[in-house]
Amino acid sequence: MNALLLISIFVTIRVTTFAESSKINWSFHGRNGPSHWSKSYPICSNKRQSPINIPLFKKDFQPSLKASLKFSHYTCPCRGDFVMRNNGKTLQIDVRNAIASLTLNRERRYMLDHLHFHWGSNNQIGSEHHFEGRSFPAELHFVHYNIEFHNLSVAIDKANALAVLGVMIQVGKRNSAFDKFLKYLHRVKDIGQGFKIPAFDVKSLLPKDTGKFYRYEGSLTTPPCFDNVTWTVLYDPVEISHQQLEKFRALRDNLGHALVNNFRPVQELNGRSVSSSFRLFNRIH
């Protein structure tokens, strides 16, 4: 078999795998859960997968990291509405109209495509990343793609093309920033429902201090699990009230059940380094 034919077959398989990925039934639970993903998505068993348990006291301190994270246009004016969706796996808010971007290491710039959330059925579980073994009730992801590409769909499987910002969510005081979209959540209670919402400052969903964070190379946390993601996980969490968190738990999945526990278990580091922009001397919050 000549080399050209081999390349043609490889490209066909690769494109088909990605094109068909949304049609293959996967879940966070049961026989189609995370431990079975690699049967349909082999990349999910690679050595650079996410999420991870972040070792708070055994990481590479790099003070230069703090100045390397830059947010642009995370506040409006925005060029149009956002769109909120229940896709049966998560709550997703398409925020391309924010025209927001993230710059890493002073040179790599990534456009913000959407936000999505992971949460648990109770306050002891929910986040995908753990801090020294500790889980949070929920986690928010800001998904970005490299500006070298036209959109997320084009960038999704390219090398070093994705950057995800992770924010831990803990239960505490009511957060008025979350009300900007939670007040419309009943409009997307069931799978497949989408609803336009007024644009808002996505920066308002971030903690006040974005200078303390961890950085590592990993993957998407759902199939196809492409391992081309630069992860930035903020140390400081944001707070929402128990009542606000319950609104997430009221969403329904494709079976009409409560959409909860939509998180992947932590994956092995497999020798990867985790860098931090700060020194930690005391135990977590």
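Just so it is clear, the structure is predicted and the values come from calculations on it, not from any experiment. Throughout this description, residue numbers start from 1 for each chain and increase along the sequence as written. Confidence filtering applies because this is a predicted model: local features only for residues at pLDDT of at least 70, side-chain atom pairs given and counted only at 80 or more, and all residues used for totals across whole chains, interfaces and linings. With hydrogens and water set aside, each side-chain value is computed from the structure's full complement of heavy atoms.

It is worth spelling out the pairing of strand S4 (residues 82–86) at this point. Each residue gets one of three labels from its accessible area relative to the maximum for its type: buried under 20%, exposed over 50%, partly exposed in between, using a 1.4 Å probe on protein chains only. Counting from the N terminus, the helices are DSSP H or I runs at least four residues long and the strands are E runs at least two residues long. Of all the five residues making up S4, four are buried; the element is thus mostly covered by neighbouring parts of the structure. Here, a strand pair is defined by DSSP locating no fewer than two bridges between the strands. Sheet analysis places S4 next to strand S5 (residues 91–94), joined by four bridges and oriented antiparallel. Pairing of Val-83 across the sheet is with Asp-94, part of S5.

For the rest of this paragraph, the subject is the pattern of salt bridges. A pairing counts as a salt bridge when a side-chain nitrogen of Lys or Arg comes within 4 Å of a carboxyl oxygen of Asp or Glu. Under the criterion given, the structure shown has seven salt bridges. A salt bridge links Asp-113 to Arg-96, with the nearest nitrogen and oxygen atoms 3.0 Å apart. With Asp-113 in strand S7 (residues 108–119) and Arg-96 in the loop between S5 and strand S6 (101–104), the pair connects residues that are 17 residues apart, well separated along the chain. Given a relative accessible area of 5%, Asp-113 falls into the buried group. A single salt-bridge network, built from bridges that share partners, covers Asp-209, Lys-212 and Asp-236.

The description of an aromatic ring pair rests on the distance of the ring centres and on the angle between the ring planes. Ring geometry is summarised as follows: Phe, Tyr and Trp rings, the Trp one being its six-membered ring, pair when their centres sit within 6.5 Å, and such pairs are stacked at plane angles under 30 degrees, edge-to-face over 60 and tilted between the two. The final tally for this structure, using the stated rule, is 21 aromatic pairs. With 6.2 Å between their ring centres and 25° between their planes, Phe-181 and Phe-200 make a pair best called stacked. One end of the pair, Phe-181, is in helix H4 (residues 176–182); the other, Phe-200, is in the loop between strand S11 (194–197) and strand S12 (213–218), and 19 residues separate them in sequence. Each member of the aromatic cluster is reached from another via a ring pair, and the members are Phe-82, Phe-117, Trp-119, Phe-178, Phe-181, Phe-200 and Phe-248. Only when the NZ of Lys or the CZ of Arg is both within 6 Å of the ring centre and within 35 degrees of the ring normal is a charge said to sit over the ring. In this structure, Lys-89 is placed above the aromatic ring of Trp-26, and the distance from its NZ or CZ to the ring centre is 4.6 Å. Here the basic side chain of Arg-134 rests over the ring of Phe-136, its NZ or CZ set 4.3 Å away from the ring centre.

Attention now goes to unusual backbone geometry. Trans is the common state for peptide bonds, and a negative phi is the common state for residues other than glycine. Each neighbour pair has its own omega, and for Ser-50 with Pro-51 the value is 5°, a cis peptide bond. Residue placement: Pro-51 occurs in the loop between helix H2 (37–40) and strand S1 (53–54). Cis rather than trans, the peptide bond between Pro-223 and Pro-224 has omega equal to 10°. Although it is not a glycine, His-73 sits at a positive phi angle of roughly 55°.

Attention shifts here to the UniProt feature "domain: Alpha-carbonic anhydrase" (unreviewed entry) in the chain. Those places that UniProt annotates as "domain: Alpha-carbonic anhydrase" (unreviewed entry) correspond, in this numbering, to residues 24–278. Helix and strand shares over residues 24–278 are 9% and 29% respectively, and the end C-alpha atoms of the span are 41 Å apart. UniProt positions are given in the numbering used here, feature names are shortened, and annotations may be inferred rather than shown by experiment.

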